[in-house]
Every structure is written in structure tokens, then in C-alpha cells.
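# Examining the three-dimensional arrangement
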Amino acid sequence: MLIGVAIFLLVALFASRRVKGPVWAVSLAWLFCLAPIISGAVIYGYLVDKDGLFSLSLCMFIGAYLGGVAVYDAVLLPGRAPARPAPVAIDYRRAFDRVLPVARVCWCLAMVATAFSYIDFTLLGGAGLDDLAALRDSYANKASASAFAQIASILTWACLFCYIFALFFRTELSRLQFGMFLLPIVGYFLLSVFSAGRQAAFQIMLVTILLVIVTRLVRGRGAARVPMKRALLTRERLGVLAISAAMVGYMGYIAVARNDGAISDDKSEVLTAIFDFHFAPGVERVVQAMGSGLRGAIVEGVIYFSSSPALFDPFLNIHWPKLYLGAMSFPFFFHQVEAFTGLSPTAGLLAKVDAINANGQLGSGWATSMSSYLIDFGTVGTVVFLFIMGVYSGYAWRRALAFDSFYTVVIGLLVLINAVYMPLVPAVSDTNLLFLWLFCLIMHHRPYRYLLPVKRTVVAAE
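Right, let's walk through the structure included here. Note that the coordinates shown come from a computational prediction; the quantities given were computed from them, not determined experimentally.

## Description of the overall build of the protein
- Scanning the protein from terminus to terminus reveals 20 helices and four strands.
- The proportion of buried residues among the 462 residues of the protein is 50%.
- Long-range pairs, those at least 24 residues apart, make up 78% of the contacts in the protein between residues at least 6 apart in sequence.
- Counting only carbon and sulfur atoms, one obtains 68% of the accessible surface of the protein, whose full area is about 21,200 Å².

## Points about empty space enclosed by the protein
- Going through the model one piece at a time under the given rule, you end up with two cavities of 30 Å³ or more.
- The volume enclosed by the second largest cavity comes to roughly 40 Å³.
- Elements with a contribution of two residues or more to the lining of the second largest cavity: helix 2 (22-38), helix 3 (53-76) and helix 18 (368-402).
- No other element matches helix 18, which puts three residues into the lining of the second largest cavity.

## Details of the pattern of salt bridges
- For the structure on display, the rule yields two salt bridges.
- A salt bridge links Asp97 to Arg93; its shortest N-O distance comes to 3.7 Å. Taken as a pair, Asp97 and Arg93 lie in helix 4 (residues 92-124) at a separation of four residues, close to a single helical turn.

## Let's talk about the packing of helix 18 against helix 19 (residues 406-421)
- Packing of helix 18 against helix 19 brings their axes to within 8 Å, and their N-to-C directions diverge by 140 degrees. The angle between the axes of helix 18 and helix 19 places the two elements in the oblique class. Note that helix 18 runs across helix 19; the crossing there is left-handed. In contact with Met389, Tyr392, Ser393, Ala396, Trp397, Arg399 and Ala400 of helix 18, helix 19 contributes Thr408, Val409, Ile411, Gly412, Val415, Leu416 and Asn418.
- Of the residues belonging to the contact of helix 18 with helix 19, the class tally is nine nonpolar, four polar and one charged.

## A look at the nonpolar core
- Counting residues in hydrophobic clusters, the biggest one holds 130 residues, and the most contacted among them are Tyr65, Phe161, Phe165, Met370 and Phe406.
- For this core, the element with the highest residue contribution is helix 19, accounting for 13 residues.

## Let's talk about helix 18
- End to end, helix 18 covers just 32 Å across 35 residues, shorter than the expected 51 Å (1.5 Å per residue, more than 12% under).
- The largest bend in helix 18 comes to about 115 degrees, at Phe377.
- Between the side-chain oxygen of the N-cap and the backbone nitrogen of Met370 there are 3.2 Å, and the N-cap of helix 18 in question is Thr368.
- Of the residues trailing helix 18, Phe403 is marked for its positive phi of about 55 degrees.

## A look at the environment of Leu47
- Note that Leu47 resides in the loop between strand 1 (42-44) and helix 3.
- Sequence separation between Leu47 and Pro314 is 267 residues; the distance between their C-alpha atoms is 7.1 Å.

## Some thoughts on unusual backbone geometry
- Even without being glycine, Leu325 reaches a positive phi, approximately 55 degrees.
- As for its position among the elements, Leu325 is in the loop between helix 14 (292-315) and helix 15 (331-336).
- Its identity is not glycine, yet Ala367 carries a phi of approximately 65 degrees, on the positive side.
- Locating Ala367 in the fold gives a position in the loop between helix 17 (345-358) and helix 18.

## Things to note about the packing of aromatic side chains
- Summed over all chains, the structure comprises 36 aromatic pairs.
- Judged by centre distance (5.8 Å) and plane angle (55 degrees), the ring pair of Phe202 and Phe305 falls under tilted. A residue pair is termed long-range when its members are at least 10 positions apart, and Phe202 in helix 10 (residues 199-219) and Phe305 in helix 14 qualify at 103 residues. An identical accessibility class is assigned to Phe202 and Phe305; each is buried.
- When the ring of Phe330 is compared with that of Phe385, the centres are 6.5 Å apart and the planes differ by 80 degrees; the resulting orientation is edge-to-face. Of this pair, Phe330 sits in the loop between helix 14 and helix 15 while Phe385 sits in helix 18; the two residues are 55 residues apart in sequence, bridging distant segments of the chain.
- The structure contains a cluster of three or more aromatic residues connected by ring pairs, namely Tyr92, Phe96, Trp157, Phe161, Phe165, Phe168, Phe169, Phe181, Phe403, Phe406, Tyr407 and Phe439.
- The ring centre of Phe14 lies 4.1 Å from the NZ or CZ of Arg17, which sits over that ring.

## Here's the deal with a nonpolar patch on the surface
- Taken together, the side chains of Val380, Val384, Phe387 and Ile388 present a nonpolar region at the surface, about 370 Å² in accessible area.
- With respect to the element layout, Val384 can be found in helix 18.
- Of the residues examined, Val384 reaches a relative accessible area of 44% and is grouped as partly exposed.

## Things to note about the environment of Phe439
- Mapped onto the elements of the fold, Phe439 is located in helix 20 (residues 431-444).
- The residues contacting Phe439, other than those within four sequence positions of it, are Val102, Cys106, Trp157 and Phe161.

## Examining the packing of helix 1 (residues 3-15) against helix 2
- Between helix 1 and helix 2, the shortest axis-to-axis distance is 10 Å and the interhelical angle comes to 155 degrees. Between helix 1 and helix 2, the angle is such that the two are roughly antiparallel. As helix 1 packs across helix 2, the resulting crossing turns out to be left-handed. Residue-level inspection shows Ile3, Val5, Ala6, Leu9, Leu10, Ala12 and Leu13 of helix 1 in contact with helix 2, the latter providing Val23, Trp24, Ser27, Leu28, Trp30, Leu31, Leu34 and Ile38.
- For the contact of helix 1 with helix 2, a count of residues per class yields 14 nonpolar, one polar and no charged.

## What about the side chain of Ser117?
- Mapping Ser117 onto the fold places it in helix 4.
- In terms of polar contacts, Ser117 uses its side chain to reach the backbone carbonyl oxygen of Ala113, at 2.9 Å.
- Beyond its immediate sequence surroundings of up to four residues, Ser117 is in contact with Ala152, Thr156, Leu191 and Phe194.

## Digging into the environment of Phe305
- When the C-alpha positions of Phe305 and Ala35 are compared, they lie 9.9 Å apart, and in sequence the two are 270 residues distant.
- Discounting residues that sit within four places of it in the chain, Phe305 has contacts with Phe32, Cys33, Phe202 and Leu424.

Calculation notes
Residues numbered from 1 in each chain as written. Predicted model: local features only at pLDDT ≥ 70, side-chain atom pairs only at ≥ 80, totals over all residues. Heavy atoms only, no water. Helix = DSSP H or I, 4+ residues; strand = E, 2+ residues; numbered from the N terminus. Buried < 20%, exposed > 50% of the residue type's maximum accessible area, 1.4 Å probe, protein only. Contact = heavy atoms within 4.5 Å. Areas by Shrake-Rupley, 256 points an atom, 1.4 Å probe, with all protein chains shown as cover. 1 Å grid on protein atoms, 1.4 Å probe; cavity = no way out; pocket = protein on both sides within 12 Å on 5 of 7 lines; lining within 4 Å. Points joined across faces, edges and corners; volume = space filled by probe spheres on them. Salt bridge = Lys/Arg side-chain N within 4 Å of Asp/Glu carboxyl O. Axes fitted to C-alpha atoms, helices over the stretch in contact; angles between N-to-C directions. Parallel < 35°, antiparallel > 145°, perpendicular 65-115°, else oblique. Left-handed = near helix turned anticlockwise from the far one by under 90°. Nonpolar A, V, L, I, M, F, W, Y, C, P; charged D, E, K, R; others polar. Core = buried A, V, L, I, M, F, W, Y, C linked by side-chain atoms within 4.5 Å. Expected span 1.5 Å × (residues − 1). Bend = angle between axes of the 7 residues up to and from the residue. Polar contact = N/O pair within 3.5 Å; in protein donor to acceptor, adjacent residues only side chain to side chain. Phe/Tyr/Trp six-rings, centres within 6.5 Å; stacked < 30°, edge-to-face > 60°. Lys NZ or Arg CZ within 6 Å of the ring centre and 35° of its normal. Patch = residues over 30% accessible without salt bridge, like charges linked within 9 Å, V, L, I, M, F, W, Y side chains within 5 Å.

Nothing here speaks to function; it is geometry throughout.
Rendered as C-alpha cells:
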């Protein structure tokens, strides 16, 4: 089952081995999420892939995105810029000086967001960090967000900006400055802690891993390509490993601690029933030999990533008489103009949940980002939307590698994150990622950006 999709993605990886970028990000993300299903380690009762139509649909939608990237690289890019950016010597100190004042403002915004998040947490009342199940319920069942929560929700993107700034310019920052700009990421992590959730922790891990890769690609070209000292390379690897391990450990802890035992003391039993899945016999024996806590964390981790593609199969059988024209993919914007458009993201989500529930599956599951695009634009519209997204991703990735500015590097990073999120949910539906993208887009294209241009000199390729 789905072997054809795996072959399709592996071919895409091989064909883009020189460029990598968003093609590798989206292909590896899909392979990672589909691996438990393709290998037969996990079986979902509702994933049947009748006549191979589900596999064909996946290849069509993913292929539309990959086709957009390929069209930009093969058609739009030639004649405008070389396939590979010319080796250049860039004055990163000058680039750093341009961004530093902006980063300081973002640091202040991040501190305000963190303070307001903490105030909102204290206003919840009755649920603390010692009872994560109750804390999650109180967070999810809030009638409305407080003013503090609303302000924090539109400012927390600044925490991510400071974190990316600190890691990218770590050689230009003093130790004190480096520590100062890392501090806001603690506030970003608290978003997960205060809601007993995992998205912020997952994003921190994802940003850390991808940013290290992007930084090496951007800062490792031409005359700037200087081998890293062994000690620096070791510290970088240990840092990435430590952050990733901490975030994975936290997410595993949340998976165990959020079980209040109301239905069963063994959370894996509950999840198995709700998501209608089971392990292959050999895998089941290994999982059952583990303690209930570790077993619950592993089961929830598998479901977290693999259930979304599985739910997309029955979702394709649902007819949507009304298109929401972007409300599901861009909920923040449509919430603001709901009175004028009559298109409610909340109503769309409830309709989606009800329709999937009526079909016999878990309506609150994610069902991939494509499910949101289909509700918004229909089948043909989704293919066109993904193609345009692919073209833009190819463009943004090339601009990041060429280092037009630090902001294009952040946008390139967000393009990779968007690609990784595709088997789960639309990345732009996350307010923090959306606002960070818009901020960097505005800052890069602001009229006065050339007042202090980045010095760059083309050098001979080695």
C-alpha cells in the first residue's frame, strides 16, 4: 500500500539532489509520515486506497507543488539568475548591523508577549502545571481569549525572529548579546507549557534543525566557505541534539501527563480505539513489552504524524457543497473580515469535524493540509494553489541562498517549514508563522532597505 507514492517521492529526492531545498523538505516529510503505513508497521482501519485512487490523489497534489518548484527552476529562473548563486564574499558584519536595530525592537515585543502570556495563564485559575490534563481542558474550553492572550498571540512571532537572528549571526554577536537574543525563545516555549500543548515545542525543534542547515548553505559559499573548527562544529551538533532531545522529551512527557485516567490508565488503549489503528503483530509485541507510560508516548507519537495522511483517504470521499475560499487555510485573516465575507473559519472547522464524524472517523483529526485547501478551493483550485505555492517556494529558496537580505533567509526557512507541515496542517494557519513571514516580507521590500546595502563581491568558484 502506497508503495507508488514512496517511489514517486524517492524519484523527486534523486532528481533534486543538487538543489534540495523545499523539494527535499516536502518529500522527506511525506516519507517520514507515511513510513509506518508503507512499512506495514501500523494499520489504519479506514485507509484502504481503493483502486489506488488515494495514492494517485497524493501524487497529484504533491506533484503540483513539486511541479511549481520545477517550473521556477527550469523556466522562470534561467536568464534571470544562475541555477546556482555565484560564489560571493559577503560582509556579514554589515548585514548584521542592518538587522540589529530591528532585532532589538522584536526583542521588546517578544518580552511583552511573554509577560502577557504569563498573565493570561494566571487568569485561567484552578489548573496548574501539576495537572496538565486539567490545564489542557481549561485552555481548550475557554469561552473567549482574554485581552492579554489576544495581544500575546499577535506578538509571539517576535520570539522566533530573535531566536533565528541569534543563531544565524552567532559569530557576530557577543556572548551577552547571544544570550539576550536567545532568551525570548523561552517565552515561546512557555506557549506550549501554559497550554499543555506541543506545537511550540515542535516548531522550536524544527526551526533549530532547519536553520542550522540553511545557515551552512547560505554562509558556506565562495570565499565565505571556511571549514568550521572541530570544536565549533561539535558544539553546534551538541546544541542541536540537546534542543531536539529536550523538545522530544517534553512532547513525550505531555503525551503521558495529559492522561487523566478518566477512560483508561493506559492511554495507548484509548488512542488505539479512537484512531482505529493497530500495530503489526511483531511491532505490537515490542510495544506491549514497554511500560504503559513509554508505550503511550510512542503510540501518540506515531499517531501524531501518521494519522493525518491516513485520515485524508476517507476525507476524499466527502462532498463539500460550499467552498470557504481561504478561510480554512488563513483563519486569522478571515476571522477579522468574517462580518463582510460571511465566511467563518470556525463554521468551516465545525462542518469538517461533523462531516468526518458522520463518515465514521475522528473529525478532530488533521487530515493533512490538503484537506483545508480542498475545503477552501476544491480539487482544481487546490492543484492550482499548490502549484503557485511551489513556484513561490522555488523563488524564495533561491533568494535565501543568494542572501538578498537576512529577511529572505528567514522567508526561505519558513518555506521549508511550510513544506514539512504539508502532511499535517497548513503552516500559514499558525498565526506566529504567518506573522513572521509577513513581517520579513515587509522588511525586505521596505523602500529604505538600500540605505545600508550589504557588500558582496563575486569571487572565483573553487
